[in-house]
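The lines below spell out each chain.
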Amino acid sequence: MTTLVFGHKSPDTDSTGSPIAWAWYLSEFIGIEATPVLLGEPNTEALWMLKKWDLPKPRIIMDVEAGQPVVIVDTNNPAELPAGINAADIRAIIDHHKLVGGLETVGPIDITIRPLACTATIMADLMGSALSTAPDGIKGAMLTCILSDTLAFRSPTTTDHDRVLAERLAADLSVDIPAYASEMFAAKSDVSAFSEAELLRMDSKEYEVEGTKFRVSVLETTSPEAILSRKDALMAAMPQVAREDDVTQVLLFVVDILAEQATLLVPDTLTKAVAEASFGVSVKGDSVVLPGVMSRKKQIIPALKL
């Protein structure tokens, strides 16, 4: 039975590229038949990556069958995985997020969770010398994952290990990192084709803060005005998205990659209270700028309080 490799729902670049890289490694070096799949439509940057490196888009699945062998990457949170995940045969987890708990396995499995900026960096360590034989498409996907998750080394999650690997991959591919990152971020910033509800779910994770459930959404862009010009429509869409997703509210952070800051939309008194308690700011209108805030994992989620 073919092993399915996948990341989280609302797949970003890392949850698109890392399953491709790991499925290649399992198939070519470990002798396990594996294929990458997605748990939703990838974002614009991930689609750009697939086209750039001539990689076929993995098929999208909604759930997994009982007993299906799977490898989970870039998450260990059951809320970000198929409903039937605990009935599947989970073979391994490779991740760089905090341990959430709630997954069940048939037997002992390989779990690798390391405090690095990107899942692809961890995979490179696990692949060892096999990575040097990878085709350009695999190396290109892994490079894109690292540059995406580190925001081209601007994110506070960046480690020296991520940077060294990215520079090595770029050298192998004759890629100029600043120019390449600019192309990536331009692709990520083009959100004109998406509805407000799609934007609110595009790069989002569910988190509970003191008993209140939030959908914490982050949109990273080099053109924040393209998103903030839709502020009223985005805030108007939040209540319906919250109802449909069974959360109390959506927290939307628009991260300006170049200015290295985030703007949080503030549609109601609950979000105002969260902003003031979490980030020590005084909110006067329907948005607030948070200088230096760029990482959901390291700066937003750990700070959230009511």
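The rules behind the values
- Residues numbered from 1 in each chain as written.
- Predicted model: local features only at pLDDT ≥ 70, side-chain atom pairs only at ≥ 80, totals over all residues.
- Heavy atoms only, no water.
- Helix = DSSP H or I, 4+ residues; strand = E, 2+ residues; numbered from the N terminus.
- Rg over C-alpha atoms; globule rule 2.2 N^0.38 Å.
- Buried < 20%, exposed > 50% of the residue type's maximum accessible area, 1.4 Å probe, protein only.
- Pairing = 2+ DSSP bridges.
- Axes fitted to C-alpha atoms, helices over the stretch in contact; angles between N-to-C directions.
- Core = buried A, V, L, I, M, F, W, Y, C linked by side-chain atoms within 4.5 Å.
- Contact = heavy atoms within 4.5 Å.
- Polar contact = N/O pair within 3.5 Å; in protein donor to acceptor, adjacent residues only side chain to side chain.
- Salt bridge = Lys/Arg side-chain N within 4 Å of Asp/Glu carboxyl O.
- Phe/Tyr/Trp six-rings, centres within 6.5 Å; stacked < 30°, edge-to-face > 60°.
- Lys NZ or Arg CZ within 6 Å of the ring centre and 35° of its normal.

1. Regarding the overall build of the chain
Next, step 1: When its secondary structure is counted, the chain shows 11 helices and 11 strands.
Next, step 2: In summary, the chain has a C-alpha radius of gyration of 19 Å against a globular reference of 19 Å for 306 residues, a match within 12%.
Next, step 3: Oriented by its inertia axes, the alpha-carbon framework of the chain measures out at about 60 × 45 × 35 Å.
Next, step 4: Looking at the 306 residues of the chain, the share that counts as buried comes to 57%.

2. So, the sheet that holds strand E10 (residues 261–265)
Next, step 1: Taken in spatial order, the five strands make up an open sheet running E7-E8-E9-E10-E11, and their pairing is mixed. The two strands at the open ends of the sheet, each matched to only one other strand, are strand E7 (204–209) and strand E11 (287–291). When strand polarity is set aside, the average angle formed by the axes of neighbouring strands in this sheet is 25°.
Next, step 2: Bridge analysis of E7 against strand E8 (residues 212–221) gives six bridges, and the strand direction is antiparallel. Of the residues in E8, the one forming a bridge with Val209 is Thr212.

3. Quick look at the nonpolar core
Next, step 1: Counting residues in each nonpolar core, the largest one holds 74 residues, and the members touching the most others are Trp22, Met127, Met142, Leu143, Val216, Phe253 and Leu304.
Next, step 2: With residues near it in sequence (within four places) discarded, Leu304 still touches Val209, Val216, Leu251, Val274, Ser278 and Phe279.
Next, step 3: With 17 residues, the next largest nonpolar core counts Met235, Met238, Val247 and Val254 among its residues.

4. Observations concerning the side chain of Lys188
Next, step 1: When you line up the elements, Lys188 lands in helix H6 (residues 177–189).
Next, step 2: We classify Lys188 as buried; its relative accessible area is 9%.
Next, step 3: Here Glu45 takes part through its side chain, which lies 3.5 Å from a polar atom of the side chain of Lys188.
Next, step 4: Leave out the neighbours within four places in its chain, and Lys188 touches Thr44, Glu45, Ser148, Leu151 and Glu220.

5. Some words on the pattern of salt bridges
Next, step 1: One pass over the full model with this rule turns up 17 salt bridges.
Next, step 2: Here Asp246 and Lys213 are joined by a salt bridge, their closest N and O atoms 3.2 Å apart. Of this pair, Asp246 sits in the loop between helix H9 (231–244) and strand E9 (249–256) while Lys213 sits in strand E8, placing them 33 residues apart in sequence.
Next, step 3: Residue classification places Lys213 among the partly exposed residues on the basis of a relative accessible area of 32%.
Next, step 4: Ionic pairing is found between Lys272 and Glu276, a salt bridge with its closest N-O pair at 3.1 Å. Residue Lys272 and its partner Glu276 are both found in helix H10 (residues 269–279); the two are separated by four residues, about one turn of the helix.
Next, step 5: Under the relative-accessibility criterion, Glu276 is labelled partly exposed at 28%.
Next, step 6: Linked through salt bridges whose partners overlap, the residues forming this network are Arg201, Glu206, Arg215, Glu244 and Asp245.

6. Here we look at the environment of Gln261
Next, step 1: Looking at the element boundaries, Gln261 is found in strand E10.
Next, step 2: Gln261 gets classed as partly exposed once you look at its relative accessible area, which sits at 24%.
Next, step 3: Counting along the chain gives 32 residues from Gln261 to Val293, while the straight-line C-alpha distance between them is 5.0 Å.
Next, step 4: Look past the residues within four positions of Gln261 in its chain and what remains in contact with it is Val254, Val255, Asp256, Val289, Leu290, Pro291, Gly292, Val293 and Met294.

7. A short note on the packing of aromatic side chains
Next, step 1: Inspection of every chain in the model, using the stated rule, returns six aromatic pairs.
Next, step 2: Aromatic side chains Trp24 and Phe29 sit 5.5 Å apart centroid to centroid with 65° between the ring planes, which places their arrangement in the edge-to-face category.
Next, step 3: Residue classification places Trp24 among the buried residues on the basis of a relative accessible area of 14%.
Next, step 4: The partly exposed category is assigned to Phe29, whose relative accessible area is 40%.
Next, step 5: Taking the centre distance of 6.0 Å and the plane angle of 70° together, the rings of Phe253 and Phe279 count as edge-to-face. Taken together, the residues span a long stretch of sequence, with Phe253 in strand E9 and Phe279 in helix H10 at a distance of 26 residues.
Next, step 6: Ring pairs connect the aromatic residues Trp22, Trp24, Tyr25 and Phe29, which therefore count as one cluster.
Next, step 7: One cation-aromatic arrangement involves Arg163 over Phe153; the distance from NZ or CZ to the ring centre is 4.4 Å.

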